[in-house]
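Examining the three-dimensional arrangement
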Amino acid sequence: MSTATHSLPRTIGAHAVLLTYTVIALFPVIIVIVNSFKSRAAIFGAPLAPPTPKTFDLIGYTTVIGQGDFIHYFQNSLVVTVASLFFVLLFGAMAAFALSEYRFRGNSLMGLYLALGIMIPIRLGTVAILQLMVASGLVNTLTALILVYTAQGLPLAVFILSEFMKQVSDDLKNAGRIDGLSEYTIFFRLVLPLVRPSMATVAVFTMIPIWNDLWFPLILAPSEETKTVTLGAQLFLGQFVTNWNAILAALSLAIMPVLILYVIFSRQLIRGITSGAVK
Amino acid sequence: MTTKLLTALLLGTSILGSAGMAYAQDVTLNIESWRGDDLAIWKDKLIPAFEAKNPGIKVVFAPSAPTEYDAALGAKLAAGSAGDLITCRPFDKSLELFKKGNLADISTLPGMENFSDVAKAAWQTDDGKSSFCVPMASVIHGFIYNKDAFDKLGIKVPETRDEFFAALDKIKADGTYIPMAMGTKDLWEAATMGYQNIGPNYWKGEEGRAALIKGEQKLTDPQWVAPYAELAKWKDYLGDGFEAQTYPDSQNLFTLGRAAIYPAGSWEIGLFNTQAQFKMGAFPPPVEKAGDTCYISDHTDIGMGLNAASKNADAAKTFLTWVASPDFATIYANALPGFFSLNNTPVKMEDPLAQEFVSWRDKCKSTIRSTYQILSRGTPNLENETWVESANVINGTVTPEAAAKKLQDGLDSWYRAGK
Amino acid sequence: MRGSIAVESIAKNLIGGTERMAAAPKRPFRWHIVVFLAPAVLVYTAIMILPLAGTLQLSLFRNIDQSQVFVGLENFRRLFGDPNWSVNFWNALRNNVWFFIIHMVVQNPIGVLLAALLSSPRLRFSAFYRTAIFVPTILSFVIVGFAWKLILSPLWGVAPNLMDLVGLKSLFTPWLGKEQYALTTLSLISVWQFVGIPMMLIYAALLSIPEEVIEAAECDGITGMSQFWKIKLPLILPSIGIISILTFVGNFNAFDLIYTAQGALAGPNYSTDILGTFLYRAFFGFQLQVGDPNMGAAIATMMFLIILGGVCVYLFLVQTRLRRYQF
């Protein structure tokens with residue numbers, strides 16, 4: 001109807017802006033990936049040109065893949081990220097629900113307490129955390145990383161989710177209560193599905209720093225069996241710092257799995273976000 | 001579904017967690033190091049050589065990136081999860097670890113007699129009574145040059161500063177090559193390959209360094225400011241945008257054959273040999289007048305110590321004794337040309353460029369970097385400030401005199417000579 | 001007229017939920033509250049709060065002859081009184097404020113703009129744009145820092161070549177190596193990386209504005225730009241508030257990008273030093289500088305207070321006003 005009044009120039013304008021920004025966003029990524037398939041001379045000679053049969057070279061990849069088990073690192077990263085994400089979302093949503101739904105003594109104090117963690121980098125607690133993990137024999141296990149990331153992700157998750165939980169209509173919950181549903185059922189059956197979009201948002205927020213973290217894998221789980229992709233890539237960068245073929249290949253290897261996963265996952269993500277809008 | 005996923009994940013983590021304990025019969029030694037570059041050499045050459053002679057001891061070389069090494073090691077030592085063997089930075093950094101009780105006293109370790117007092121000095125208490133790391137190697141500063149370029153332009157290897165700058169002018173006038181490959185982005189290049197490289201000729205090596213520690217000389221004295229004045233002149237001979245040129249950029253610039261002279265540390269040799277497609281030569285920092293005594297920075301750079309909390313101390317000591325042996329020295333120095341053994345037994349090196357560097361030990365006087373011993377114990381840290389100020393001087397944002405004054409003021413704020 | 005009433009009543013309905021809380025009459029102890037809170041509080045307290053508290057209390061101690069001695073506020077006196085520390089602290093704080101300002105005036109408006117464009121109905125390829133623009137956000141700092149260093153490198157020549165294409169080559173300078181440009185360049189790289197987050201949050205907020213509100217507005221003849229300014233913007237203000245506070249917290253905790261791109265000394269001449277890198281050097285040490293956990297903890301405490309202050313301003317001044325504005 002009235003939306004049809006959107007004029008052509010405006011649509012073109014919108015596309016122009018979005019397209020420009022898309023180019024800006026993707027350019028560095030593309031330049032890295034494209035050049036990773038070229039020979040050393042071609043990388044320096046014509047960085048903007050795509051690889052031709054003459055300049056195509058996989059030397060970077062053979063160097064990098066010969067040095068470490070990237071697939072294994074990738075699995076480690078995946079396990080850590082998915083498990084931490086699961087606990088952050090579950091525990092975070094539960095706590096956020098308690099804070100936004102019930103009035104009890106110390107409610108806002110508890111809210112502030114749980115928000116403290118956003119204000120200090122957890123890196124500072126490194127030595128104490130490491131001592132804890134040494135004492136409980138968790139050094140060089142993925143469990144140690146999952147525990148730390150769960151704790152690290154919770155404050156922000158609670159902060160954002162309680163903001164959104166307050167927007168769930170009271171009438172709905174009260175209707176549930178009148179029907180005799182327990183508080184747990186109300187939370188899991190009624191409230192959780194409604195806050196799915198914000199859960200998706202929190203998931204993204206939580207996932208990115210976990211996947212990309214360098215510090216805790218280095219300290220808590222640096223062994224070959226538990227290395228994550230980011231740590232692996234960082235070591236490679238250190239090791240081949242002048243070998244641009246290997247550098248670009250290592251960067252591409254670190255980028256591509258995330259990229260593929262993200263492209264698959266983003267549909268889900270967007271559906272999660274938009275489904276809430278049409279309720 | 002989620003519970004299944006959860007169980008699977010927990011199972012998965014517990015399996016991965018226990019994997020590390022599978023081989024517990026043999027003693028396994030972990031080496032902490034910042035030398036990720038040497039991973040292949042340790043894996044393929046050094047460790048097999050040791051394990052062949054010492055059945056029952058397994059060794060794992062577990063490096064972290066140089067920039068994270070010190071912080072990560074500190075945290076692991078504090079919590080008790082660090083490896084058995086610790087690669088040691090020279091002087092105060094390792095001394096600090098020893099004082100905290102993280103490094104064991106190995107003065108009586110068999111094999112330590114293979115090293116001269118000078119070599120051991122980098123890893124000893126100030127009174128020289130206790131040693132805590134086995135010296136592994138030193139590195140020498142100088143200049144590596146593109147021989148093809150020199151031949152083409154008819155330049156002969158400079159011996160004096162005037163010849164040096166004349167050569168730079170000639171290369172610049174010709175225009176084919178960037179005269180000198182160095183950048184200031186990473187800061188340390190300016191200090192290490194610049195100031196500490198050319199400086200000893202001005203402050204007369206050990207003589208000046210000792211006088212600085214005793215408080216008889218100041219960083220604002222002419223012999224300490226003059227190297228900065230020379231660095232300031234380098235600016236005109238560096239590549240476009242050298243302010244954002246990183247250390248790897250400089251290395252690539254030189255090995256791609258685009259630059260003629262590279263202010264170097266001898267550790268570059270191995271890499272340059274594999275990457276450069278032209279003939280290379282090296283010369284020591286030029287002196288003022290022909291015939292002057294020359295001084296070179298021959299810096300004790302890397303050693304290995306024993307984690308005092310190691311549960312496998314005996315096996316680790318066996319390993320350290322091996323590190324102190326001529327066997328190790330021969331393999332190491334040849335696998336890593338440019339890391340010169342500190343062992344008393346002379347090591348035969350094959351690499352001509354490495355031989356060139358080490359030959360300077362005979363004609364010049366050796367010294368170590370001026371900022372490493374004692375002078376970097378306080379805040380502000382003299383070594384780190386030297387990085388910053390050397391880069392500033394080359395960038396032209398600070399005069400040599402102002403840079404020197406800032407460093408001396410910083411030093412004066414905490415250092416009392418002869419305390 | 002009727003339209004605007006509809007807008008108001010719906011808006012009230014939307015916001016009403018946030019204002020009311022379930023009434024709490026005298027009831028037996030509600031165990032479910034404990035159950036809901038326990039897992040989060042336990043994990044969070046054990047792994048985050050206790051270690052951090054252990055670290056922060058170090059700021060009141062000094063290491064004298066290998067043992068920790070209580071010195072009260074001495075470390076803070078040193079941080080602000082000793083020029084060796086205070087100059088660096090104020091420099092880092094100033095840089096951090098600039099870092100934050102760039103994010104607020106560049107990242108967030110771009111994020112809102114992109115979200116507004118994306119959310120316009122019947123836009124084709126919007127899924128593609130959305131996915132593409134968010135890509136930098138999922139990359140690690142290691143990759144972002146390194147890739148941009150390569151692109152801006154004078155040696156590799158990607159940036160100068162590109163600028164040459166549009167005839168601007170003369171404007172190229174080694175930005176990351178110049179004191180006057182380095183921090184701004186890095187802020188913009190950070191904006192490039194994180195613009196996806198405000199975009200997504202605002203996008204979600206825009207989509208959750210009920211159709212009825214928009215239709216009602218259109219009945220009133222409010223369309224296009226004025227619809228955005230008058231109807232949508234007020235409704236997404238709470239989301240913009242959240243984004244601002246998240247940006248604030250994120251920026252004052254930032255560390256990784258500067259560290260990977262410029263190193264721990266945050267060159268040239270400390271011009272890109274922010275609180276995070278300053279803290280890192282003090283706490284863990286760098287090269288020959290030995291870490292000083294006590295001074296590090298003092299700096300961390302200051303960062304904590306700064307961020308706490310910002311969050312309080314948001315919670316008690318901005319957030320309450322936002323709600324009132326909506327009615």
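Residues numbered from 1 in each chain as written. Chains lettered and ligands numbered in written order. Predicted model: local features only at pLDDT ≥ 70, side-chain atom pairs only at ≥ 80, totals over all residues. Heavy atoms only, no water.

1. Quick look at the overall build of chain A
Secondary structure summary: chain A contains 13 helices and zero strands in total. Element order for chain A, N to C, with α for helix and β for strand: α-α-α-α-α-α-α-α-α-α-α-α-α. For 279 residues, the compact-globule formula gives about 19 Å, and the C-alpha radius of gyration of chain A, at 24 Å, lies well above that figure. Principal-axis analysis of the C-alpha atoms gives chain A an extent of 75 × 65 × 30 Å. Counting only residues that meet the buried cut, chain A has 57% of its 279 residues in that class. Pairs at least 24 apart in sequence give 72% of the contacts found in chain A among residues at least 6 apart. Carbon and sulfur atoms provide 70% of the accessible area of chain A, an area that totals close to 11,100 Å². In chain A, 16 side chains carry a positive charge and 11 a negative one; their mean positions are 8 Å apart. (Helix = DSSP H or I, 4+ residues; strand = E, 2+ residues; numbered from the N terminus. Rg over C-alpha atoms; globule rule 2.2 N^0.38 Å. Buried < 20%, exposed > 50% of the residue type's maximum accessible area, 1.4 Å probe, protein only. Contact = heavy atoms within 4.5 Å. Areas by Shrake-Rupley, 256 points an atom, 1.4 Å probe, with all protein chains shown as cover. Lys, Arg positive; Asp, Glu negative; His and termini not counted. Charge placed at Lys NZ, Arg CZ, Asp CG, Glu CD.)

2. A closer look at the overall build of chain C
Counting its regular elements, chain C contains 14 helices and four strands. Scored against the burial criterion, the 327 residues of chain C give a buried share of 60%. Considering only intrachain contacts with a sequence separation of at least 6, the fraction spanning at least 24 residues in chain C is 67%. Just so you have it, chain C exposes about 13,700 Å², and 66% of that area is on carbon and sulfur atoms.

3. Details of the packing of helix α8 (residues 170-178) of chain A against helix α9 (residues 183-194) of chain A
All names here are of chain A. Where α8 contacts α9, the axes come no closer than 10 Å and their chain directions differ by 150°. The angle between the axes of α8 and α9 places the two elements in the roughly antiparallel class. In this structure, α8 meets α9 at a crossing whose hand is right-handed. Counted together, L172, K173, G176 and R177 of α8 and E183, I186, L190, V191 and L194 of α9 form the full contact between these two elements. Its residues placed into classes, the contact of α8 with α9 shows five nonpolar, one polar and three charged. (Axes fitted to C-alpha atoms, helices over the stretch in contact; angles between N-to-C directions. Parallel < 35°, antiparallel > 145°, perpendicular 65-115°, else oblique. Left-handed = near helix turned anticlockwise from the far one by under 90°. Nonpolar A, V, L, I, M, F, W, Y, C, P; charged D, E, K, R; others polar.)

4. Topic: the pattern of salt bridges
For the structure on display, the rule yields 24 salt bridges over all chains. Measuring nitrogen to oxygen at the nearest pair gives 2.6 Å for the salt bridge that ties K173 of chain A to E101 of chain A. Linking K173 of chain A in helix α8 with E101 of chain A in helix α4 (residues 70-101), this pair joins segments that are 72 residues apart in sequence. Each member of the pair, K173 of chain A together with E101 of chain A, is buried. Across the pair K178 of chain C and E243 of chain B runs a salt bridge whose closest N-O atoms are separated by 3.1 Å. (Salt bridge = Lys/Arg side-chain N within 4 Å of Asp/Glu carboxyl O.)

5. Looking at helix α7 (residues 158-165) of chain C
Every buried residue of α7 of chain C is listed here: V158, A159, P160 and M163 of chain C. Tucked inside the fold, the buried residues of α7 of chain C contact α1 (8-35) of chain A together with α6 (141-152) of chain C.

6. Examining the nonpolar core
Grouped burial of nonpolar side chains is what soluble globular proteins tend to show. Core analysis: the biggest nonpolar cluster contains 340 residues, and L220 of chain A together with W42, I261 and F319 of chain B have the highest contact counts within it. Looking at this core element by element, the count peaks at 17 residues for α4 of chain A. In this structure, L220 of chain A is in contact with I129, L130, M133, V139, N140, A144, L145 and V148 of chain A, ignoring residues within four places of it in sequence. (Core = buried A, V, L, I, M, F, W, Y, C linked by side-chain atoms within 4.5 Å.)

7. Points about the pairing of strand β6 (residues 259-265) of chain B
Residue and element names in this part refer to chain B. The element β6 is largely enclosed, with a buried count of seven among its seven residues. In this sheet, β6 lies alongside strand β4 (residues 133-146) in antiparallel orientation, the contact comprising five bridges. Opposite Y145, over in β6, you have I261 as the bridge partner. Both strand β5 (residues 178-180) and β6 contribute to a ladder of two bridges, which runs parallel. Each residue of the ladder has a partner; that of M180, found in β6, is I261. (Pairing = 2+ DSSP bridges.)

8. Considerations on the state of the cysteines
Residue and element names in this part refer to chain B. Under the counting rule described, the total for this entry stands at two disulfides over all chains. Linked covalently through their sulfurs, C88 and C133 form a disulfide whose S-S length is 2.0 Å. Handedness here is read from the sign of the S-S torsion; for C88 and C133, about -75°, the answer is left-handed. Here C133 lies in strand β4 and C88 lies in strand β3 (residues 85-88), a separation of 45 residues in the sequence. Taken individually, C88 and C133 each receive the classification buried, so the pair is uniform in this respect. (Disulfide = S-S within 2.5 Å.)

9. Description of the domain arrangement of chain A
Assigned domains of chain A: these are domain 1 (2-62) and domain 2 (68-239). Here the C-alpha centre of domain 2 of chain A lies 34 Å away from the C-alpha centre of domain 1 of chain A. (Domains from an automatic or database assignment.)

10. Observations regarding the packing of aromatic side chains
Applying the stated criterion to the full structure yields 67 aromatic pairs over all chains. With a centroid separation of 6.4 Å and 20° between ring planes, the pair formed by Y102 of chain A and F36 of chain C is classed as stacked. Here Y102 of chain A, found in the loop between α4 and α5 (107-115), pairs with F36 of chain C, found in helix α2 (residues 31-56), and the two come from separate chains. For F36 of chain C, a relative accessible area of 1% gives the class buried. Here Y280 of chain C and F284 of chain C contribute two aromatic rings whose centre-to-centre distance is 5.4 Å and whose plane-to-plane angle is 45°, an arrangement assigned as tilted. You can see Y280 of chain C and its partner F284 of chain C sitting in helix α13 (residues 275-284), four residues apart, about one turn around the helix. Taken together, the ring pairs in this structure connect W42, F50, F61, F319, W322, F328, Y332 and F339 of chain B into an aromatic cluster. (Phe/Tyr/Trp six-rings, centres within 6.5 Å; stacked < 30°, edge-to-face > 60°.)

11. Observations regarding the interface of chain C and chain B
Listed by partner, the interface residues are 27 residues for chain C and 37 residues for chain B. When chain C packs against chain B, close to 2,900 Å² is buried across both sides, 57% of that on carbon and sulfur atoms. When the area that chain C buries against chain B is broken down by residue, the three leading residues are L155, Q287 and L288 of chain C, summing to 26%. Scanning the region where chain C abuts chain B turns up one salt bridge. Of all the elements in the fold, those that place two or more residues in the side of chain C that touches chain B are α4 (83-119), α12 (256-262), α13 and β4 (289-290) of chain C. By residue number, the principal contributor to the side of chain C that touches chain B is α12 of chain C, which donates three residues. The class makeup of the residues in the side of chain C that touches chain B is 15 nonpolar, nine polar and three charged. (Buried area = accessible area lost by both parts, 1.4 Å probe.)

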